[in-house]
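Architecture at a glance
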Amino acid sequence: MTLRDQRTKDGARLLSGLDCSAAIKAELELELDALSAAGKPVPQLVVVRVGADPASASYVKSKRKAAAAVGIRTEEYHLDASITPGDLTALIDRLNADDDVDGILLQLPLPSHLDDKLFLNQIRPDKDVDGFHPMNMGHMLTGSNPLLLPCTPRGIMELMTRYGVTFSGKKAVVIGRSNIVGKPVAVLLTQANATVTLCHSRTASLEAEVRGADLLIAAVGVPHLVKGEWLKEGAVVVDAGINRLESGKLVGDVDFDAAQAHASAITPVPGGVGPMTVTMLILQTLIAAKARRNL
Ligand code: NAD
């Protein structure tokens, strides 16, 4: 499907995660319809949420809604914040063993008495639709193309690719070195033959690094950290940051209004990387189901 050519006020191409997600979801819906018409099982995503964090509740709701909209079954286990490590382990074991469960998503953060890493590592790698298991991460690092990747980095690569952005020989700068966004994006860009600089809170001159970037990926969590005048003319800018200002407005890590005057293409916040992350979760549930059930 061709994506609409939307432009910012100074003519940069808008990399719309909403449009791109809609296109991918339409493809997924067709594929799921075909599976169902052939009498194949409907893939199932199970979400495990612990405690009453309102942000987690809202993320889980939107993930389940998006999955259901394309025809994926979803189930949620909402556990009390006081659950013991043993009981959470027992639930994950049960879901791992259940042949009718294709994807397991453990919504983070967990309450402080539960160690995120321990439980993420317990999810079967072939049901790890969030892509955080060290086995999937390790295969990504060695270039062995795991089926399941961290969703936000996969979404960022998919968004750029579908808008025709090329990577080979480009100088890419990634700001942020988290395991869920920055580091894996740097790996995927390297595999796509970009020359990658990974910046973080101790980078000596962020501005100087950004000035050389053909592609800029920001995943920091600091509103408007990247100034428009830092950008190389014609840079492609992907902003994963989601920051709520005191006014209630959501903004990214890049000053969008100033940046769009220099960029050739730029993601909005909201409506850029966020929707792609959810769509990649749905895509990966289907991928996991097809691989494990031989569909
Ligand atoms: P994190 O806090 O784990 O990592 C932030 C990174 O930014 C760190 O590596 C740190 O070194 C770096 N950093 C902090 N201050 C810096 C500075 N002044 N200069 C340069 N680097 C600096 O965050 P995260 O989980 O990777 O998330 C980053 C942002 O992306 C947040 O706004 C988060 O809400 C957003 N996010 C969005 C999605 C999505 O789907 N759109 C998904 C995950 C995260």
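Here the structure is shown first, and the text comes after it.
Residues numbered from 1 in each chain as written. Predicted model: local features only at pLDDT ≥ 70, side-chain atom pairs only at ≥ 80, totals over all residues. Heavy atoms only, no water.

**Some remarks on the sheet that holds strand S1 (residues 13-14)**
With parallel pairing, the 6 strands of this open sheet are ordered in space as S1-S11-S8-S7-S5-S6. The open sheet terminates on both sides in strands that have one partner only, identified here as S1 and strand S6 (195-199). Two elements, strand S7 (residues 215-218) and strand S8 (residues 236-239), share 4 bridges in a ladder whose sense is parallel. Across the sheet, leucine 216 pairs through a bridge with valine 237, a residue of S8. (Pairing = 2+ DSSP bridges. Helix = DSSP H or I, 4+ residues; strand = E, 2+ residues; numbered from the N terminus.)

**Examining the pattern of salt bridges**
One pass over the structure, following the stated rule, counts 17 salt bridges. A salt bridge links arginine 64 to glutamate 76; its shortest N-O distance comes to 3.2 Å. A residue pair is termed long-range when its members are at least 10 positions apart, and arginine 64 in helix H2 (residues 54-70) and glutamate 76 in strand S3 (residues 73-79) qualify at 12 residues. Residue arginine 64 is classed as partly exposed on the basis of its relative accessible area, which comes to 25%. Taking the shortest distance from any N to any O, the salt bridge between arginine 293 and aspartate 100 comes out at 3.4 Å. With arginine 293 in helix H10 (residues 273-293) and aspartate 100 in the loop between helix H3 (85-97) and strand S4 (103-106), this residue pair connects regions lying 193 residues apart in the sequence. What emerges from the salt-bridge pattern is a single network uniting Arg73, Asp99, Asp100, Asp102, Arg292 and Arg293. (Salt bridge = Lys/Arg side-chain N within 4 Å of Asp/Glu carboxyl O. Buried < 20%, exposed > 50% of the residue type's maximum accessible area, 1.4 Å probe, protein only.)

**Quick look at the site of the ligand**
Looking at the ligand, there are 21 residues lining it, with Arg177, Ser178, Ser201, Ile242 and Thr277 nearest. The backbone of serine 201 places a nitrogen or oxygen atom 3.1 Å from an oxygen atom of the ligand. Within the backbone of isoleucine 242, an N or O atom sits 3.0 Å from an oxygen atom of the ligand. Here the ligand has 860 Å² of accessible area as a free molecule, and 69% of this is covered by the chains. (Near = heavy atom within 4 Å. Polar contact = N/O pair within 3.5 Å; in protein donor to acceptor, adjacent residues only side chain to side chain. Areas by Shrake-Rupley, 256 points an atom, 1.4 Å probe, with all protein chains shown as cover.)

**Thoughts on the side chain of lysine 63**
Along the chain, lysine 63 turns up in helix H2. An unpaired buried charge is present at lysine 63: no salt bridge exists, and aspartate 130, the closest side chain of opposite charge, is 5.3 Å distant. (Lys, Arg positive; Asp, Glu negative; His and termini not counted.)

**Looking at unusual backbone geometry**
Here the bond from leucine 108 into proline 109 is cis, since omega is 0°, no more than 30 degrees from zero. The residue proline 109 is located in the loop between S4 and helix H4 (116-120) in this model. Cis geometry is adopted by the peptide bond preceding proline 270, which originates at valine 269 and carries an omega value of 0°. Counting through the fold element by element, proline 270 comes out in the loop between strand S11 (265-266) and H10. Despite not being glycine, asparagine 145 shows a phi value in the positive range, around 45°. Structurally, asparagine 145 can be placed in the loop between helix H5 (134-141) and helix H6 (151-162). One non-glycine residue, histidine 224, adopts positive backbone phi at about 55°. Within the element layout of this structure, histidine 224 appears in the loop between S7 and S8. In this structure histidine 224 comes out as partly exposed when scored by relative accessible area, which is 29%.

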